[in-house]
Amino acid sequence: MTENLNFRKKAEAMYEKGRRLALSGEYAEALQAFDRAIELRNGYAEAYFDRGACYYKLGQYLRATDDINAASVLGCETAQIWSRYERATVKESDDDEFP
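The sections below set out a description of the structure shown in this document. (Residues numbered from 1 in each chain as written. Predicted model: local features only at pLDDT ≥ 70, side-chain atom pairs only at ≥ 80, totals over all residues. Heavy atoms only, no water.)

## Description of the overall build of the protein
Basically, it comes down to this: Working definition: helices are DSSP H or I runs of at least four residues, strands are E runs of at least two. Numbering for both runs from the N terminus. Categorising residues by exposure relies on relative accessible area from a 1.4 Å probe, with only protein chains included: less than 20% of the type maximum marks a residue as buried, more than 50% marks it as exposed, and the intermediate range marks it as partly exposed. Note that accessible areas follow from Shrake-Rupley with a 1.4 Å probe, and for residues the cover is restricted to the protein chains shown.
For the protein, the count of helices and strands is 5 helices and 0 strands. Ordered by position in the sequence, the α and β elements of the protein form the string α-α-α-α-α. Classification of the 99 residues of the protein by burial places 30% in the buried group. Taken as a whole, the protein presents about 6800 Å² of accessible surface, with 51% of it coming from carbon and sulfur.

## Observations concerning the packing of aromatic side chains
Definition in use: Pairing of aromatic rings covers Phe, Tyr and Trp, the last counted by its six-membered ring, and requires centre-to-centre distances within 6.5 Å; plane angles under 30 degrees mean stacked, over 60 mean edge-to-face, and any other angle means tilted.
By the definition in use, this model includes 3 aromatic pairs. Ring centres 5.8 Å apart and planes at 50° place the aromatic pair Tyr15 and Phe34 in the tilted group. Placement of Tyr15 in helix α1 (residues 2-23) and of Phe34 in helix α2 (residues 27-40) is noted, with a sequence separation of 19 residues between them. Judged by relative accessible area, Phe34 falls into the buried class, the value being 1%. With a centroid separation of 5.1 Å and an interplanar angle of 65°, the aromatic rings of Tyr56 and Tyr61 are classed as edge-to-face. An aromatic cluster is built from Tyr15, Phe34 and Tyr44, whose rings are joined through pairwise contacts.

## Focus: α2
Convention followed: The span one expects for a helix is its residue count, reduced by one, times 1.5 Å.
Over its 14 residues, α2 runs 20 Å from end to end, which matches the ideal 20 Å to within 8%, given 1.5 Å per residue. For α2, the complete set of buried residues consists of Ala30, Leu31, Ala33, Phe34, Ala37, Ile38 and Leu40.

## Examining the pattern of salt bridges
Under the convention used in this document: Here a salt bridge means any side-chain nitrogen of Lys or Arg lying within 4 Å of a carboxyl oxygen belonging to Asp or Glu.
Within the structure shown, the criterion is met by 6 salt bridges. Across the salt bridge formed by Arg8 and Glu12, the nearest N and O atoms sit 3.4 Å from each other. With Arg8 and Glu12 both in helix α1 and 4 residues apart, this pair spans about one turn of that helix. For Arg8, a relative accessible area of 40% translates into the label partly exposed.

## Some details on helix α4 (residues 61-73)
Put simply, the test is: As used here, the arc is the angular range of directions from the helix axis to the C-beta atoms.
Over its 13 residues, α4 runs 18 Å from end to end, which matches the ideal 18 Å to within 8%, given 1.5 Å per residue. Among all positions of α4, only Ala64, Asp67, Ile68, Ala71 and Ser72 are buried. Summarising the axial view, the buried residues of α4 lie within an arc of 140°, below the 170-degree limit, and thus occupy one face. For α4, exposure combined with an orientation more than 90 degrees from the buried face picks out Leu62, Asp66 and Val73.

Dropping the structure here:
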């Protein structure tokens with residue numbers, strides 16, 4: 001049990017480091033921190049979401065979508081809202097293209 005708690009604390013520390021780096025615009029470095037947080041805590045929904053946001057900022061849209069969808073499935077409410085918005089946006093653009 002103590003080992004799991006240690007991994008969780010390390011994962012949270014890496015997640016917070018990733019958030020700080022992302023907020024300062026250091027997206028590539030933030031990705032590394034989010035990667036480590038996910039390695040330490042399998043199913044870390046928020047880390048998947050924020051990693052997806054970094055991929056988005058770096059123009060890696062497929063990776064961003066994959067991570068944000070994973071975060072949504074894992075229960076991240078922010079990712080679920082984003083996913084619904086994204087689907088609605090795609091549907092609207094489809095409707096515009098095909099009258």
